[in-house]
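# Architecture and fold: a report
The lines below spell out each chain.
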Amino acid sequence: GEDVEQSLFLSVREGDSSVINCTYTDSSSTYLYWYKQEPGAGLQLLTYIFSNMDMKQDQRLTVLLNKKDKHLSLRIADTQTGDSAIYFCAESLYSSASKIIFGSGTRLSIRP
Amino acid sequence: DSGVTQTPKHLITATGQRVTLRCSPRSGDLSVYWYQQSLDQGLQFLIQYYNGEERAKGNILERFSAQQFPDLHSELNLSSLELGDSALYFCASSKFDAGLAGLTGELFFGEGSRLTVL
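Below: a short report on this structure. Computed from a predicted model, the values in this text were never measured in an experiment.

Cut-offs and rules
- Here the residue numbering is sequential within each chain, running from 1 through the sequence in written order.
- For naming, the first written chain is A and the first written ligand is 1, with later ones following in the order written.
- Where totals are concerned, whole chains, interfaces and linings use all residues; where local detail is concerned, this predicted model gives features only for residues with pLDDT of at least 70, and gives and counts side-chain atom pairs only at 80 or more.
- Water and hydrogen atoms were dropped before computing side-chain values, which therefore reflect all heavy atoms in the structure.
- Note on conventions: DSSP H or I runs of at least 4 residues are helices, E runs of at least 2 residues are strands, and numbering of each starts at the N terminus.
- Only C-alpha atoms enter the radius of gyration; for comparison, a globular chain is expected to reach 2.2 Å times N to the power 0.38, where N is the number of residues.
- The classification of residues rests on relative accessible area computed with a 1.4 Å probe and restricted to protein chains. Under 20% of the type maximum is buried, over 50% is exposed, and intermediate values are partly exposed.
- The accessible surface values rely on the Shrake-Rupley method and a 1.4 Å probe; as for residues, cover is taken only from the protein chains in view.
- Charged residues are defined here as Lys and Arg on the positive side and Asp and Glu on the negative side; His and the ends of the chain fall outside this count.
- To locate a charge, take atom NZ for lysine, CZ for arginine, CG for aspartate or CD for glutamate.
- Here a residue-residue contact requires only that any non-hydrogen atoms of the pair lie within 4.5 Å.
- Put simply, a salt bridge is a Lys or Arg side-chain nitrogen that is within 4 Å of an Asp or Glu carboxyl oxygen.
- Throughout, disulfides are identified as pairs of cysteine sulfur atoms within 2.5 Å of each other.
- Note: two strands are recorded as paired if DSSP finds a minimum of 2 bridges between them.
- What makes a nonpolar core is a set of buried Ala, Val, Leu, Ile, Met, Phe, Trp, Tyr and Cys residues whose side-chain atoms join them at distances within 4.5 Å.

Let's shift gears to the overall build of chain B. Counting its secondary structure elements, chain B contains one helix and eleven strands. Scaling as 2.2 N^0.38, a compact globule of 118 residues should have a C-alpha radius of gyration of about 13 Å, and chain B matches this with 13 Å. Burial statistics for chain B: of 118 residues in total, 52% are counted as buried. For chain B, the accessible area works out to roughly 5500 Å², and carbon and sulfur atoms hold 48% of it. Counting 9 positive and 13 negative side-chain charges, chain B places the averaged centre of each group 2 Å from the other.

For the rest of this paragraph, the subject is the overall build of chain A. Scanning chain A from N- to C-terminus turns up zero helices and eleven strands. Ordered by position from the N terminus, the helices and strands of chain A form the series β-β-β-β-β-β-β-β-β-β-β. Taking 112 residues into account, the globule formula puts the C-alpha radius of gyration at 13 Å, and chain A, at 14 Å, falls close to it. Considered along the principal axes of its C-alpha atoms, chain A spans approximately 45 × 30 × 20 Å. Within chain A, the fraction of its 112 residues that count as buried is 46%. Considering only residue pairs separated by 6 or more positions, chain A has 56% of its internal contacts joining residues 24 or more positions apart. Carbon together with sulfur atoms contributes 48% to the accessible area of chain A, which is approximately 5500 Å² in total. Each charge class in chain A can be summarised by its mean position, and for the 11 positive and 13 negative side chains these summaries are 2 Å apart.

A few words on the pattern of salt bridges. In this structure the tally under the stated criterion is seven salt bridges over all chains. Here Glu-38 of chain A makes a salt bridge to Lys-36 of chain A, at a shortest N to O gap of 3.2 Å. Notably, a salt bridge pairs Arg-26 of chain B with Asp-29 of chain B, separated by 2.8 Å at the nearest N-O pair. Judged by relative accessible area, which is 24%, Arg-26 of chain B ranks as partly exposed. Taken together, the salt bridges that share partners define one network made up of Arg-63, Glu-82 and Asp-85 of chain B.

This paragraph deals with the state of the cysteines. Scanning all chains against the criterion turns up two disulfides over all chains. Residue Cys-22 of chain A pairs covalently with Cys-89 of chain A via a disulfide, S to S 2.0 Å. Torsion about the S-S bond of the Cys-22 of chain A and Cys-89 of chain A cystine: about -60°, corresponding to left-handed handedness. Here the residue Cys-22 of chain A occupies a position in strand 3 (residues 18-24), and Cys-89 of chain A occupies one in strand 9 (residues 85-93), the gap between them amounting to 67 residues. For the pair Cys-22 of chain A and Cys-89 of chain A, a shared accessibility class is recorded, and that class is buried. The residue that forms a disulfide with Cys-23 of chain B is Cys-91 of chain B, at a sulfur-sulfur distance of 1.8 Å. As the torsion about the S-S bond is roughly -55°, the Cys-23 of chain B-Cys-91 of chain B disulfide counts as left-handed. On the criterion of sequence distance, the pair formed by Cys-23 of chain B in strand 3 (residues 19-24) and Cys-91 of chain B in strand 9 (residues 87-94) is long-range, its members being 68 residues apart.

All names here are of chain A. For strand 4 (residues 29-37), the tally of buried residues reaches nine of nine residues, placing the bulk of the element in the interior. Of the strand pairs in this sheet, strand 4 and strand 9 are connected by eight bridges, and their pairing is antiparallel. Among the inter-strand pairings, Gln-37 is bridged to a residue of strand 9, identified as Ile-86. Judged from the seven bridges that link them, strand 4 and strand 5 (residues 43-50) form a sheet pairing that is antiparallel. Note on strand 5: the bridge partner recorded for Tyr-35 is Leu-45. Taking the residues between adjacent antiparallel strands as the criterion, strand 4 and strand 5 are bridged by five residues, where Gly-40 takes a positive phi near 75°.

With that settled, consider the nonpolar core. Counting 41 residues, the largest nonpolar core has Trp-34, Tyr-35, Leu-72 and Phe-102 of chain A together with Tyr-35, Leu-107 and Phe-109 of chain B as its most contacted members. Among the elements that take part in this core, strand 9 of chain A stands out by supplying seven residues, more than any other. Formed by 21 residues, the second largest nonpolar core is a distinct cluster that contains Val-32, Leu-46, Ile-60 and Leu-115 of chain B.

Below, the structure is given as structure tokens:
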């Protein structure tokens, strides 16, 4: 089946690390993505990982993929107020019905 | 600015009515995707077109239909509107087909059309 699940909310203190988690069900996923949605805007790609990788690092962002457990996480180091947004996990399914499926999004709020 | 243009930005209408949402993809992008974002359902995939042809369908109601025109712009038609259709409707585009979009790893999203059904 096709389903991507995330927790709805996360609150962290400014300067701490944020870890946003995601689980997916379809083992045929080829790419997994993290998108960011700022207030009043569309989604923007933050980073992505190919399904045969375990980890990808990009400046303050670290993506970890556990393919056995179908678990994806996004770690944001030194979280800043500008990181406040909704973060969406998504998977690309290369099957007979090619789709990109998004989770419900995790709203990250930063407290001083 | 993602390069994807959606109109109108806001739309208020009554139950039972019909509306059309329009999307112009980024220059050079052949694929258009429609998503519905509501508070209780998250971001739901509706439908995808590639170079004028329907390629994938998600949770799109029979009251909804879409098409992609030869100039690659797309329209999403919502009819017999119900209160529950109130949502933010996003269009996204990519150069390649969905399965191959993974090669570029990116969908480019418009700012959305907010539909309110009263």
